[in-house]
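Structural description and commentary
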Amino acid sequence: MKLRIGFAAMAAVFAGSLNGAFAQQPLTEVSYGTNWLAQGEHGGYYQAVADGTYEKYGLKVTIVPGGPRANNRMLLAAGKLDFYMGGSLIQAFSAVEKDIPTIVVAAHFQKEPQILMSHPGQGLDTFLDLKKSNDILLSKDGVATFFQWMRAEYGFKEEQIKPFGFNPAPFITNPKAVQQGYATSEPLTIEKAAGFKPNVFLLADYGFSTYSTTIETRREVIEKNPDLVQRFVDASTIGWYNYLYGDNAKAVALIKRENPEMTDELLAYSREKMKEYGIVDSGDAAKLGIGAMTDARMKDFFDKMVKAGLFKSDLDYKRAYTLQFVNKGVGLDLKK
């Protein structure tokens, strides 16, 4: 224990020296494209902007929100963005398949927040019970990705699917329906609109083992400026610790300014559920630090996607990521 404290103290001094050096130099401008509008699930990055963490690491970060009309992934590949917020690893594996020169450098969600919801007391109270429903409301993307895993792993069938138009009304009015959502938002929406708490099944807890909310960049950025990548990853990681365990009032205000649809209630709910389900800080992140990734976990998910028919087994999936910038214990001292 004393040895660990000693290393932590030395690391803090070293980090402080680095931060001081960065502060005396002109800030490096960095653009980070997210995959949707500002929300609680992006909290760590807005925290690092709002509380000055990025600046301490010598960075002036502009967050470029995604949305229905944005294609930040394409902007990253085209060199218009420095970093991009990826979703599941399916996108990263697909980039390798299509020879797109992007690569995952950190994974700030140990679990994807993807869920299925059902009505309580309708015989759909366990994950396997959901196989009884003939009204599983899924988006096209959901059908093409996680449902293929559900089919291969648990025997769900295509004929159970009904199209989901991101309107909760069909789910609320049909007690035998099942609907996709995010653990950090949709259950609250249903509870407020329908007056009941739905059953919630986090797919990650049933074996859908992808990392999520990743940081991606181009290979050339790593080759030309690995120090920049390291600083952005480290500062973002510290942002996540402070957002989850510290005072996140400034980040909340910034998110609400960027996306007025966000409310204090929803943002508080999102943070609570991220902590409850271990979305950000669980598994390997508990000892290696938020953002952690491992080869074993990558192989596990890739093998499942091969079984689900999404990729061929000979795909060089290891080209989708690097462990160079993670697993260093950055920010562990900030956890309360």
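Residues numbered from 1 in each chain as written. Predicted model: local features only at pLDDT ≥ 70, side-chain atom pairs only at ≥ 80, totals over all residues. Heavy atoms only, no water.

Let us now look at the overall build of the chain. A count of helices and strands for the chain gives 15 helices and 10 strands. Its C-alpha atoms give the chain a radius of gyration of 20 Å, near enough to 20 Å, the size a compact globule of 336 residues would have. Along the longest, intermediate and shortest principal axes, the C-alpha atoms of the chain span 60 × 45 × 45 Å. Scored against the burial criterion, the 336 residues of the chain give a buried share of 52%. Element-wise, carbon and sulfur atoms account for 54% of the exposed surface of the chain, whose accessible area totals about 15,500 Å². (Helix = DSSP H or I, 4+ residues; strand = E, 2+ residues; numbered from the N terminus. Rg over C-alpha atoms; globule rule 2.2 N^0.38 Å. Buried < 20%, exposed > 50% of the residue type's maximum accessible area, 1.4 Å probe, protein only. Areas by Shrake-Rupley, 256 points an atom, 1.4 Å probe, with all protein chains shown as cover.)

In total, this model carries 16 salt bridges according to the counting rule given. Two residues, arginine 218 and glutamate 220, come together in a salt bridge whose shortest N-O distance is 3.0 Å. Under the relative-accessibility criterion, arginine 218 is labelled buried at 8%. (Salt bridge = Lys/Arg side-chain N within 4 Å of Asp/Glu carboxyl O.)

If you trace the five strands from one edge of the open sheet to the other, you get E2-E1-E3-E10-E4, paired in mixed fashion. The sheet is open, and its two borders are formed by strand E2 (59–64) and strand E4 (102–109), each paired with just one other strand. Going from strand to strand, the sheet's axes swing by 25° on average, the running direction of each strand aside. Together, strand E1 (28–33), E2, strand E3 (83–86), E4 and strand E10 (212–218) form the strand contacts of helix H2 (residues 43–50), whose direction differs from that of E2 by roughly 140°. (Pairing = 2+ DSSP bridges. Axes fitted to C-alpha atoms, helices over the stretch in contact; angles between N-to-C directions. Contact = heavy atoms within 4.5 Å.)

The description of an aromatic ring pair rests on the distance of the ring centres and on the angle between the ring planes. This model, assessed by the stated rule, comprises 24 aromatic pairs. Between tyrosine 54 and phenylalanine 232, the ring centres sit 5.4 Å apart and the planes meet at 5°, which makes this aromatic pair stacked. Highlighted residues: tyrosine 54 in helix H3 (residues 53–56) and phenylalanine 232 in helix H11 (residues 226–245), separated in sequence by 178 residues. The class of tyrosine 54 is buried, set by a relative accessible area of 2%. With a centroid separation of 4.3 Å and 10° between ring planes, the pair formed by phenylalanine 83 and phenylalanine 232 is classed as stacked. (Phe/Tyr/Trp six-rings, centres within 6.5 Å; stacked < 30°, edge-to-face > 60°.)

What follows deals with the packing of H2 against H11. Closest axis-to-axis distance for the H2/H11 pair is 7 Å, and the angle between their directions is 100°. Looking at the two axes, H2 sits roughly perpendicular to H11. In this structure, H2 contributes Gly43, Gly44, Tyr45, Gln47 and Ala48 to the contact, and H11 contributes Ala235, Ser236, Gly239, Trp240, Asn242 and Tyr243. Taken together, the residues of the contact of H2 with H11 break down into five nonpolar, six polar and no charged. (Parallel < 35°, antiparallel > 145°, perpendicular 65-115°, else oblique. Nonpolar A, V, L, I, M, F, W, Y, C, P; charged D, E, K, R; others polar.)

As a further point, take the sheet that holds strand E9 (residues 199–202). One open sheet accounts for five strands, arranged E7-E6-E8-E5-E9; its pairing is mixed. Among the strands making up the open sheet, the edge pair consists of strand E7 (161–163) and E9. With strand direction ignored, the average angle separating the axes of adjacent strands in the sheet is 35°. Relative to strand E8 (residues 178–182), strand E6 (residues 136–138) runs parallel, the two sharing two bridges. The partner of isoleucine 136 across the bridge, within E8, is valine 178.

Another aspect to go through is the nonpolar core. Counting 94 residues, the largest nonpolar core has Phe93, Leu116, Ile215, Phe232 and Trp240 as its most contacted members. By residue number, the principal contributor to this core is H11, which donates 11 residues. When sequence neighbours within four positions are dropped, the list of residues in contact with phenylalanine 232 reads Val30, Tyr32, Tyr54, Leu59, Val61, Phe83 and Ile215. (Core = buried A, V, L, I, M, F, W, Y, C linked by side-chain atoms within 4.5 Å.)

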